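Tertiary structure, described
Take a look at the letters that make up each chain.
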Amino acid sequence: ESFHTPYDAIGEELLWQLVDVFYSKVQKHPLLAPIFPEDLTETARKQKQFLTQYLGGPSYYTDEHGHPMLRARHLPFPITPSHAKAWLACMAEAMDEVGLQGEFRDFFYSRLELTAKHMVNTPEGKT
Ligand code: HEM
């Protein structure tokens, strides 16, 4: 099987499912929950838009919100290396739960790992 983009490889249905499972874990995580809004409906909607374009699909995020400027949009939140680790752990669990495996999963996870590290804006112990 060959796909034009990583987005085609995962498909909208599985990506949506992944994002929903991911935020249900964020909501329960002791380190992450306090910095996120209580209602994650809008956060999940934006993340679906963002990850779609991140994986080479339609530019839903930019169409509605403009340039992602992800690091800048995260500056209001103190994100330490531990927060990045926690974010990635929730993502890995969500990937397990929706059954993402193999080369695609490794590719996607390693890209998210880089992006998560890039979001760190606060040294450990400063929150
Ligand atoms: C928004 C935390 C990593 C993509 C947010 C928000 C928080 C947050 C608190 C605001 C939620 C809201 O107000 O609705 C974190 C933490 C991370 C992290 C602790 C750990 C490193 C990432 C990564 C990505 C990402 C790796 C993308 C691959 C987004 C997007 C939004 C967002 C697209 C919505 C931005 C908007 O308001 O338009 N994040 N994030 N985040 N995050 Fe993260």
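Calculation criteria
- Residues numbered from 1 in each chain as written.
- Predicted model: local features only at pLDDT ≥ 70, side-chain atom pairs only at ≥ 80, totals over all residues.
- Helix = DSSP H or I, 4+ residues; strand = E, 2+ residues; numbered from the N terminus.
- Buried ≥ 20, exposed ≤ 12 C-beta atoms within 10 Å, placed from the backbone.
- Core = buried A, V, L, I, M, F, W, Y, C linked by C-beta atoms within 7 Å.
- Contact = placed C-beta atoms within 7 Å.
- Near = placed C-beta within 6 Å.
- Nonpolar A, V, L, I, M, F, W, Y, C, P; charged D, E, K, R; others polar.
- Axes fitted to C-alpha atoms, helices over the stretch in contact; angles between N-to-C directions.
- Parallel < 35°, antiparallel > 145°, perpendicular 65-115°, else oblique.
- Left-handed = near helix turned anticlockwise from the far one by under 90°.
- pLDDT = per-residue confidence, 0-100.

This paragraph deals with the overall build of the chain. Within the chain, the regular secondary structure consists of seven helices and zero strands. N-terminal to C-terminal, the α/β element order of the chain is α-α-α-α-α-α-α. Along the first, second and third principal axes, the C-alpha set of the chain runs to 50 × 30 × 25 Å. Residues counted as buried form 17% of the 127 residues belonging to the chain.

With that settled, consider the nonpolar core. Most often, soluble globular proteins keep nonpolar side chains buried together rather than apart. Membership of the largest hydrophobic core comes to 14 residues, with the highest contact counts inside it found for Leu 15, Leu 18, Val 19, Phe 22, Cys 90, Met 91 and Ala 94. Of all elements in the fold, only helix 2 (12–26) and helix 6 (81–98) reach the threshold of two or more residues within this core. Ranked by residues supplied to this core, first place goes to helix 6 with six residues.

This brings us to the environment of Lys 25. Within the secondary structure, Lys 25 sits in helix 2. Taking C-alpha positions, Lys 25 is 9.2 Å from Trp 87, a pair spaced 62 residues apart along the chain. Ignoring any residue separated from it by four or fewer positions in sequence, one finds Lys 25 in contact with Cys 90, Glu 93 and Ala 94.

Let us look at the site of the ligand. The environment of the ligand is made up of 22 residues, and the closest members are Thr 43, Phe 50, Ala 84, Trp 87 and Ala 116. Those elements that provide at least two residues to the shell around the ligand are helix 3 (41–54), helix 5 (70–74), helix 6 and helix 7 (102–119). With five residues, the top contributor of residues to the shell around the ligand is helix 3. When the residues that make up the shell around the ligand are grouped by side-chain class, the tally is 13 nonpolar, six polar and three charged.

Quick look at unusual backbone geometry now. Its identity as a non-glycine residue notwithstanding, Met 69 has a phi of 40 degrees, on the positive side. A tally of 10 C-beta atoms within 10 Å means that Met 69 is categorised as exposed.

So, about the packing of helix 6 against helix 7. The interhelical angle for the contact between helix 6 and helix 7, taken along N-to-C directions, is 160 degrees, at an axis separation of 9 Å. The orientation of helix 6 with respect to helix 7, classified from their angle, is roughly antiparallel. Both helix 6 and helix 7 take part in a crossing whose hand is right-handed. Two secondary-structure elements touch here, helix 6 through Ala 84, Trp 87, Leu 88, Met 91, Ala 92 and Met 95 and helix 7 through Arg 105, Tyr 109, Leu 112, Glu 113, Ala 116, Lys 117 and Met 119. The residue makeup of the contact of helix 6 with helix 7, split by class, is 10 nonpolar, no polar and three charged.

When pLDDT is averaged along the chain, the result is 96; 98% of the residues meet or exceed 70. In the model output, the complex is listed with pTM 0.97 alongside ipTM 0.97.

Viewed as axis vectors pointing N to C, helix 2 and helix 3 meet at an angle of 135 degrees, and their least axial separation amounts to 10 Å. Judged by the inter-axis angle, helix 2 sits oblique to helix 3. Relative to helix 3, helix 2 is oriented so that their crossing is right-handed. Only Thr 43, Ala 44, Gln 47, Lys 48, Leu 51 and Thr 52 of helix 3 make contact with helix 2, whose side of the interface consists of Leu 15, Trp 16, Val 19, Asp 20 and Tyr 23.

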